[in-house]
Protein chains: 2
Amino acid sequence: MNTKKNIVIAGGGLVGSLLAVYFAERGHRVRLFERRPDARKTNIYAGRSINLALSDRGWKALRGVGLEEKVRQIALPMYHRGLHQPDGSYVRQPYGQPGQAIYSVSRGGLNILLLNAADAYENVELFFNHKCVDVDFETNEVKFLDEAGNEVVVKADYIFGADGAFSAIRGEMMKTDRFDYQQQYISHGYKELTIPAGEGGSFLLENNALHIWPRHEFMLIALPNIDGSFTVTLFLPFEGNNSFSALDSVKKAREFFRQTFPDALELMPDFDQQWQQNPVSSLCIIRCYPWVRNHTALIGDAAHAIVPFYGQGMNCGFEDVDVLFQLLDHTADWPAALEQYQKLRKPDGDAIAELALRNFIEMRDLTADPKFLLQKKIEARIQQKYPELWTPLYSMVTFSHMRYSEALALGKVHDQIMADIMSRPDIESNWDSPEVEAAIIAKLREIQPVL
Amino acid sequence: MNTKKNIVIAGGGLVGSLLAVYFAERGHRVRLFERRPDARKTNIYAGRSINLALSDRGWKALRGVGLEEKVRQIALPMYHRGLHQPDGSYVRQPYGQPGQAIYSVSRGGLNILLLNAADAYENVELFFNHKCVDVDFETNEVKFLDEAGNEVVVKADYIFGADGAFSAIRGEMMKTDRFDYQQQYISHGYKELTIPAGEGGSFLLENNALHIWPRHEFMLIALPNIDGSFTVTLFLPFEGNNSFSALDSVKKAREFFRQTFPDALELMPDFDQQWQQNPVSSLCIIRCYPWVRNHTALIGDAAHAIVPFYGQGMNCGFEDVDVLFQLLDHTADWPAALEQYQKLRKPDGDAIAELALRNFIEMRDLTADPKFLLQKKIEARIQQKYPELWTPLYSMVTFSHMRYSEALALGKVHDQIMADIMSRPDIESNWDSPEVEAAIIAKLREIQPVL
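Only a predicted model underlies this, so the values are computations on that prediction, with no experimental measurement involved. Position numbers for residues start from 1 in each chain and track the written sequence from start to end. Chains carry letters from A onward and ligands carry numbers from 1 onward, assigned in written order. In keeping with the model being predicted, local features are shown solely for residues with a pLDDT of at least 70 and side-chain atom pairs are shown and tallied solely at 80 or more, while totals for entire chains, interfaces and linings include all residues. Computation of side-chain values: all heavy atoms of the structure, hydrogens and water removed.

Undergrad: I keep staring at the interface of chain B and chain A and nothing clicks. Help me out?
TA: Contact with chain B, which involves 14 residues of that partner, is made by 14 residues of chain A. Buried area is a sum: the accessible area each of two parts loses on coming together, probed at 1.4 Å, counted once for each and added. Approximately 1400 Å² of surface area, both sides summed, lies buried where chain B meets chain A, with 39% of it carried by carbon and sulfur atoms. Three residues stand out in chain B for area buried against chain A, namely Arg178, Gln183 and Tyr185 of chain B, and they jointly supply 44% of the buried area on that side. Only one rule defines a salt bridge in this text: a Lys or Arg side-chain nitrogen within 4 Å of an Asp or Glu carboxyl oxygen. Applying the counting criterion to the chain B and chain A interface returns zero salt bridges. Here a polar contact is recorded for every N or O atom pair within 3.5 Å, except that within protein the pair must consist of a potential hydrogen donor and a potential acceptor, and residues adjacent in sequence are included only if both atoms are side-chain atoms. The interface formed by chain B and chain A contains 10 residue pairs in polar contact (both at pLDDT 80 or more). Of all the elements, strand 13 (residues 180-195) of chain B adds the most residues to the side of chain B that touches chain A, at eight residues. Whether two residues touch is decided by their heavy atoms; if any such pair falls within 4.5 Å, the residues are in contact. Put simply, DSSP H or I for four residues or longer makes a helix, DSSP E for two residues or longer makes a strand, and each gets a number counted from the N terminus.

Structure (structure tokens):
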């Protein structure tokens, strides 16, 4: 019996190309179809990438097909947030324990690496400029239109929709009965800018930090690139006082930056040109279910697109691949494995969507609230003294492989404990007292058995 | 200046055809395109209509174009719920004050009446078997495919998508940026059956009631038709113990009816044939925003499809038309009026969606909880003694023109008041005491000023 399957993947972005490698590594025949041109020949991400922050979940999935070391070579560790405060001061907040970091990678660079990795297998064929226009969930046939407009129909044993937030495969699923779907845009959009490298490829900002200019209703961030430049992203409401609508001329935009992000503006001599050239993009959350129809499954953003504020979009998509193969590798019953995959991952997709949305508020307001900062100080103290009792939510999400849904649930329990502590009338003066510490520890011990 | 507009309506169902009459009455040129065949020539609703319950909001919109009397002739008043209890007893629950009723009409009959009304205008053209395939929101052009597959492109001043829960116009809007959308299926589906008329067109059940067989997790309902028959609808989960999946043979279905709805089964001699012929349909809630893109607007189910359990789907769609013309009739600035229309109606669409979902639980569980019945008894008593202080939620929704969103908000306040009352330890014994009455009245007086 031939156990090798005929796999069709729609989407050659990060998740689609990693998925191709996973299937290829196991000897299956893989045909991958991408709507856009080959990312190795054309910069398909210009002006709207949002830089990526690889963390533990992503690394684990890369390690699973031996790609970790290759990716390390194009990744820059960011050990802390670098906060550019409104008063001009600069504050470092470590992301985790010493040595723990999230890693800045360019979407384009990583995509090229993964496409090359897939392309190196003899049992993989890559097709670009192929637009998915139809799926038959009964016969497992997918129809694409190639660049010349010719119909290409391929038959598969299994079809994977890794074709992103605006997935065509999911669009076909939507036409089937009882398919739940939601697309929800947030009030903010984003525009990308670049801080060029300094002389000799030097970094003009600290290079091992994720820079944030938190300004309550909006924020600017910057992530380092290996060529010494920084990819800068402005997150701003579409409408209102400080908004993309209000900044309807370069002059207004420059004045806004001069007042709000003067240190960043100084590092972008071609700000005017960039502002005019680069588009404003919107941010959408996608939720749907089921993810599987017969032998067709959604994966990555196609199943659960989220906002980028926890740096988990790609990591979650890569973890989908990891979880999928933990299931497929242990059974010949693929339909049952796909059913388990969607049941397992749906609550985790929902959880990271919620976490990402919440983190936007935390990122923007980091400097705002002295009470919030005091709470973080108390938490850090507890964590240091009782690491077995307290892992911060950020670490559970970023530096662990705990299910997102469990991290979220535990984070909510922690929030409640801290809300009680912070409501003590004398907390400002006795935050580091044995009494406060004992109260927290008692509660943490109480919840231990249920975890 | 010619103030007459060139209107294109997609969808010739209930809302589309009423909308056509409203525009035609004001002298505008109307072209209405319907995907299906002409309802006057083909029964396009066979087996999946869910009978309609016209109530005050619907009547008002019909009255606005002089159609009330015509529709009265095909409508049957239902003054009360007729509850067929599990113990075989039959209980009447009035819907409102004496004389207040909701009216059973057949979807097909009403649609034919409205299409004829629209067709009677010289400035109306009706096109059937025309499928909408594209909208250009900049040029206001809509592309249809006719029965022969020919493209028909029409240009309009304003375009209305009245094309139902699976609206093609909305489908095109979904391709534009920042369009929020949700489709949510509930766990229950439905199957329609018919209780035929008795001898000489007589009714085999009480004809001025909406019959309900509430059975907690599922229910059967029956609405009278003017020919003496009843349209019967079974609402049942798709999966589980008592479900459409479980009833996978006529024999099982008949046995289920024999045990659960014996009096209804007796009235359907051709039950077996009906069960096999009629499809199981799903129930979907649609939420989206915006409803307006440039000169194109969504209306009715295309903007806000809801579950049928409050009998408000059509009434809400008709009220959309009423509200739209309250705005259009008082301004030459139609874009501003459309903007107001969507801002006004969106919260009301959301509110009736929530109310309809909640009412499903109430309908199924009507007989279940003695506490619930006691609460209804207390409420009825308060309403009778203090009608100026208490209007039941059902009456606000069904027999008033109060905004759905306001009815929902006030209903929640009432719920809280009653939850407090019902939590009194001695409520069973002193529910009609002066003390309980005084407590309720005090709270109702308290909230008066905020309304």
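Undergrad: Hey, could you run me through the UniProt feature "transmembrane region" (unreviewed entry) in chain A in this one?
TA: UniProt positions are given in the numbering used here, feature names are shortened, and annotations may be inferred rather than shown by experiment. As recorded in UniProt, the feature "transmembrane region" (unreviewed entry) lies at residues 6-24 of chain A. The annotated region residues 6-24 of chain A carries 58% helix and 26% strand content, and the separation between its end C-alpha atoms amounts to 10 Å.

Undergrad: How should I be thinking about helix 11 (residues 334-364) of chain A in this particular structure?
TA: Residues and elements named next belong to chain A. Along its 31 residues, helix 11 runs 44 Å from first to last C-alpha, staying within 8% of the 45 Å computed at 1.5 Å per residue. Of all the bends in helix 11, the greatest, near 30 degrees, is centred on Arg345, and the proline Pro347 appears no more than four residues after it. Of the residues flanking the start of helix 11, the one acting as N-cap is Asp333, its side-chain oxygen 3.2 Å from the backbone nitrogen of Ala336. Any helix carries an expected span of 1.5 Å times its number of residues minus one. For a residue, the bend is simply the angle between two axes, fitted respectively to the seven-residue segment ending there and the seven-residue segment starting there.

Undergrad: How should I be thinking about the sheet that holds strand 12 (residues 158-161) of chain A in this particular structure?
TA: Sheet strands pair by backbone hydrogen bonding; their relative direction is either parallel or antiparallel. Residue and element names in this part refer to chain A. Pairing in this open sheet of six strands is mixed, and the strands run 8-2-1-12-19-18 from one edge to the other. Two strands close off the open sheet at either side, each with one partner strand: strand 8 (124-127) and strand 18 (292-293). Where strand 2 (residues 29-33) lies against strand 8, four bridges are found, and the strand directions are parallel. When the sheet's bridge partners are listed, Val30 is paired in strand 8 with Val124. DSSP-based pairing: two strands are paired if at least 2 bridges between them are found.

Undergrad: Please explain the sheet that holds strand 7 (residues 102-105) of chain B as it appears in this structure.
TA: Residues and elements named next belong to chain B. Read across the open sheet, the three strands follow the order 3-7-4; overall the sheet is antiparallel. Edge positions in the sheet fall to strand 3 (52-54) and strand 4 (76-78), since each of these pairs with one other strand and no more. Strand after strand, the sheet turns through a mean of 40 degrees between neighbouring axes, direction not considered. In terms of strand pairing, strand 4 meets strand 7 through three bridges, oriented antiparallel. Within strand 7, the position partnered with Pro77 by the bridge is Tyr103. Under this scheme, a helix contributes an axis fitted over its contacting stretch, all axes are lines through C-alpha atoms, and angles between N-to-C directions fall in the 0 to 180 degree range.

Undergrad: Can you help me understand the domain arrangement of chain A in this one?
TA: Accessible area lost upon the coming together of the parts is a frequently used measure of interface size. All names here are of chain A. Segmentation into domains, and thus their bounds, comes from an automatic or database assignment. What the domain assignment reports for chain A is domain 1 (6-45 + 55-62 + 106-183 + 284-358) and domain 2 (370-450). Placing a centre on the C-alpha atoms of domain 1 and another on those of domain 2 gives a separation of 37 Å. Counting residues at the interface gives 18 residues for domain 1, matched by 15 residues for domain 2. Here domain 1 packs against domain 2, burying approximately 1500 Å² in sum over the two surfaces, 55% of which is carbon and sulfur. Among the residues of domain 1 in contact with domain 2, Asp56, Arg57 and Tyr310 are the three that bury the most area, contributing 38% of the side total. Connecting domain 1 to domain 2 are three salt bridges. The residue Asp415 makes a salt bridge to Arg358 at a minimum N-O spacing of 3.3 Å. At the junction of domain 1 with domain 2, the criterion picks out 11 residue pairs in polar contact (both at pLDDT 80 or more). Elements that contribute at least two residues to the side of domain 1 that touches domain 2 include exactly helix 2 (56-63), helix 10 (313-328) and helix 11. It is helix 11 that provides the largest number of residues to the side of domain 1 that touches domain 2, a total of nine residues.

Undergrad: What is the right way to read the packing of aromatic side chains from this model?
TA: Aromatic rings in a pair are described by how distant their centres are and how their planes are angled relative to each other. Pairing of aromatic side chains requires ring centres within 6.5 Å, counting the rings of Phe and Tyr and the six-membered ring of Trp. Pairs whose planes differ by under 30 degrees are stacked, by over 60 edge-to-face, and all others tilted. On inspection of all chains with the given rule, the structure shows 55 aromatic pairs over all chains. Ring centres of Phe23 of chain A and Phe160 of chain A lie 5.1 Å apart, and the angle between their planes is 45 degrees; on these two criteria the pair is classed as tilted. Separated by 137 residues along the polypeptide, Phe23 of chain A in helix 1 (residues 14-25) and Phe160 of chain A in strand 12 bring together distant segments of the chain. Given the relative accessible area of 1%, Phe160 of chain A is considered buried. Ring centres 5.7 Å apart and planes at 25 degrees place the aromatic pair Phe271 of chain A and Trp275 of chain A in the stacked group. Of the two residues, Phe271 of chain A and Trp275 of chain A are both situated in helix 8 (residues 271-277); the distance of four residues between them amounts to about one turn of the helix. Take Phe271 of chain A and Trp275 of chain A: they sit in the same class, and that class is buried. Members of the aromatic cluster, joined through ring pairs, are Phe218, Phe238, Phe244, Phe256, Phe257, Phe261, Phe271 and Trp275 of chain A. Placement of a positive charge over a ring is assigned whenever Lys NZ or Arg CZ falls within 6 Å of the ring centre and within 35 degrees of the normal to the ring plane. Across the ring face of Tyr394 of chain A, the terminal group of Arg81 of chain A is positioned such that the distance to the ring centre comes to 5.4 Å. Seen from the ring of Trp334 of chain B, Lys5 of chain B lies directly overhead, with NZ or CZ sitting 4.6 Å from the centre. Burial classes follow relative accessibility: with a 1.4 Å probe on protein chains only, a residue under 20% of its type's maximum area counts as buried, one over 50% as exposed, and anything between as partly exposed.

Undergrad: I would appreciate a short explanation of a negative patch on the surface in the present structure.
TA: A grouping of Asp134, Asp136, Glu138 and Glu141 of chain A is seen on the molecular surface, where their side chains present a negatively charged patch. Position of Glu138 of chain A relative to the elements: it lies in the loop between strand 9 (131-136) and strand 10 (141-145). To count toward a patch, a residue needs a relative accessible area over 30% and no salt bridge; like charges are then connected within 9 Å, while nonpolar side chains (Val, Leu, Ile, Met, Phe, Trp, Tyr) are connected within 5 Å. Using the Shrake-Rupley algorithm and a 1.4 Å probe, accessible areas are obtained, with residue cover drawn only from the displayed protein chains. His is not counted here, nor are the chain ends, while Lys and Arg score as positive and Asp and Glu score as negative. To locate a charge, take atom NZ for lysine, CZ for arginine, CG for aspartate or CD for glutamate.

Undergrad: What's the story with the packing of helix 1 of chain A against helix 4 (residues 107-119) of chain A in this structure? I'm lost.
TA: A pair of packed helices is captured by two measures, namely the crossing angle of their axes and the spacing between those axes. Residue and element names in this part refer to chain A. The geometry of helix 1 relative to helix 4 is characterised by a closest axis approach of 8 Å and an angle of 25 degrees between their N-to-C directions. If you check the angle between helix 1 and helix 4, you find them roughly parallel. In this structure, helix 1 crosses over helix 4, and the sense of that crossing is left-handed. Where helix 1 approaches helix 4, its residues Leu14, Ser17, Leu18, Ala20 and Val21 are matched on the opposing element by Arg107, Leu110, Asn111, Leu114, Leu115, Ala117 and Ala118. The residue classification treats Ala, Val, Leu, Ile, Met, Phe, Trp, Tyr, Cys and Pro as nonpolar and Asp, Glu, Lys and Arg as charged. All others, Gly included, are polar. Residue classes in the contact of helix 1 with helix 4 are distributed as nine nonpolar, two polar and one charged. Should an angle fall under 35 degrees it is taken as roughly parallel, and over 145 as roughly antiparallel, whereas 65 to 115 is taken as roughly perpendicular and any remaining angle as oblique. Helix crossings are classified by the rotation of the near helix relative to the far one: an anticlockwise turn of less than a right angle makes the crossing left-handed, while a clockwise turn makes it right-handed.

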